[in-house]
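A structural walkthrough
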Amino acid sequence: NLEKDSKGHIWIVDHFNQIIHFSSDIKVLETYKVTSESHSIPSNQINCLYSENDNIWVGTMNQGFFRFNISPKIVKYLFKEDPGLNELGKVQVLSMTKGKQNEIIIGTSNHTIFIYNEKTRKLKKIITEEDNIYRVYYEEKNNKIIYGTYSTQLKSIDLNTFKIKNEITFPFASAVHGITSNDSLIFVAPWSQGLIANDRYGNNIIKITEPWQRDFSTLHLLHDGDIIWLATYKNGVVSYNIRTNEMKSHLLTDQSNERFLSNQVDIITKLHNGDILICTNEDGVCSIDKDNFTIKKVGKNIGLDKLHIKSIFEDSENNVWIVTEQKIIKTDINFNNYTEITFYDGLFSGIEHLASCFQKETNKIFIGGQQGVQFLIPFDVITNNNPNNVVITDLRIFEKKIE
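To keep things clear, this report deals only with the structure shown in the data block. (Residues numbered from 1 in each chain as written. Predicted model: local features only at pLDDT ≥ 70, side-chain atom pairs only at ≥ 80, totals over all residues. Heavy atoms only, no water.)

Here we take up the pairing of strand β15 (residues 150-158). The pairing of strand β14 (residues 144-148) with β15 spans four bridges and is antiparallel. Its bridge partner being in β15, I146 is matched across the sheet by S156. In sequence, β14 turns back onto β15 through a hairpin of one residue. The pairing of β15 with strand β16 (residues 164-181) spans seven bridges and is antiparallel. Looking at the pairing, Y150 lines up with A175 of β16. Taken together, β15 and the strand that follows it, β16, pair antiparallel across an intervening segment of five residues, in which F162 is found at a positive phi of about 60 degrees. (Pairing = 2+ DSSP bridges. Helix = DSSP H or I, 4+ residues; strand = E, 2+ residues; numbered from the N terminus.)

Bringing the sheet that holds strand β13 (residues 135-139) into the picture now. Taken together, six strands build an open sheet; the order of strands is β13-β14-β15-β16-β17-β18 and the sheet is antiparallel. Single-partner strands in this sheet number two, and they are β13 and β18 (196-199). Direction aside, the axes of adjacent strands within the sheet are offset by 25 degrees on average. (Axes fitted to C-alpha atoms, helices over the stretch in contact; angles between N-to-C directions.)

Further remarks concern the environment of S181. Assignment of secondary structure puts S181 in strand β16. In this view, S181 contacts Y137, E139, I186, F187, R200 and H223; residues no more than four positions away in its chain are not counted. A distance of 3.0 Å separates polar atoms of two side chains, one belonging to S181 and the other to Y137. A polar contact of 2.8 Å, which involves the side chain of S181, links it to the side chain of E139. (Contact = heavy atoms within 4.5 Å. Polar contact = N/O pair within 3.5 Å; in protein donor to acceptor, adjacent residues only side chain to side chain.)

Turning our eyes to something else, we now look at the pattern of salt bridges. Two side chains with opposite charge may pair up if their charged atoms get near one another. Within this structure, the stated rule accounts for 16 salt bridges. Among the ionic pairs, E118 bridges to K364, the shortest N-O distance being 2.9 Å. Taken as a pair, E118 in the loop between β11 (112-117) and β12 (122-127) and K364 in strand β32 (residues 364-369) lie far apart in primary sequence, 246 residues in all. A residue is classified by how much of its surface remains accessible, and E118, at 13% relative accessible area, is buried. Since its relative accessible area comes to 18%, K364 is described here as buried. Salt-bridge contacts for K297 lead to D283; the nearest nitrogen and oxygen are separated by 3.4 Å. Taken together, the residues span a long stretch of sequence, with K297 in strand β26 (residues 295-298) and D283 in the loop between β24 (276-280) and β25 (285-288) at a distance of 14 residues. Since its relative accessible area comes to 32%, K297 is described here as partly exposed. (Salt bridge = Lys/Arg side-chain N within 4 Å of Asp/Glu carboxyl O. Buried < 20%, exposed > 50% of the residue type's maximum accessible area, 1.4 Å probe, protein only.)

Right under this line is the structure:
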């Protein structure tokens, strides 16, 4: 089958079980296959194509029909915006955070930390001994980057002199997934080594009162005033009070509570209204009551209990953004209306855990993964109950939409 779309592009279904999208001068733009990592389709038995406005409708032998939208891509590659950013398209991005005004700090898997200035569109490159930069944390007061890798040391880079310094040494090598600080302390959570809080003289001030406090494994942490919240692998949510030095483990499930499947928490974040959200490994998104530490599931009505979530955060317009391996969901703080952004909108696959961040100065969302850095402008995306850019594979959904 062969069709021409509204832009004059050509769409062909060929004998090799794929859909090929050509430009008007016969250059291949995309190839869609069942086995494609970034342009996957639900069937390799395709009978027909039909082009209608910005939609391509596809009929299959065994999976009903589906469609995708060919309007301009919402999600864009950062490295395509400027030739000077080509290096950002050749690296695996593991971590990102906000630096100085207009700057984004990017940790990669290739011995490199990049600093991207969106205003000047310049890229600085810092080479490190370690290859996987799992976390980058910016100390504004001291103008330095503290970064976590898989090693026995937590290191920092002074951005005035670009000298690298060893901040904390661990008993054994671990992957670091949590870093924060205040005026007098640096906090780090190496995998399977609990929480370490060193003062500026190198002394660890945490008092261990229970055996589990020595070796719990952290996937993420949140610094909220006097409290550090830690998302852990087996100990649920751990809270540490900086002022009282009290550490508690708040389990999601035990023998008397079967509401949750496991005690693995992947992400912990805070909304502007003060609510604490956690993303669990098997139970989706939950909210925490900080007074009595009760936990309840949220977002089941939009399917958040069925997703492996990579990142969750709130923008300046109080929209909540949920990043997964296959799509980004935009919803409100009550988890009612939503929009999905998928690879049909330009999103690549291979998004790394917690690798996305929101840059408030420019109102852009930056997403890191196995194919570099992407971005989108969130307020160009319209929220609705049944977004136009989702794949339709069920006739009942289509009939309901027509009604």
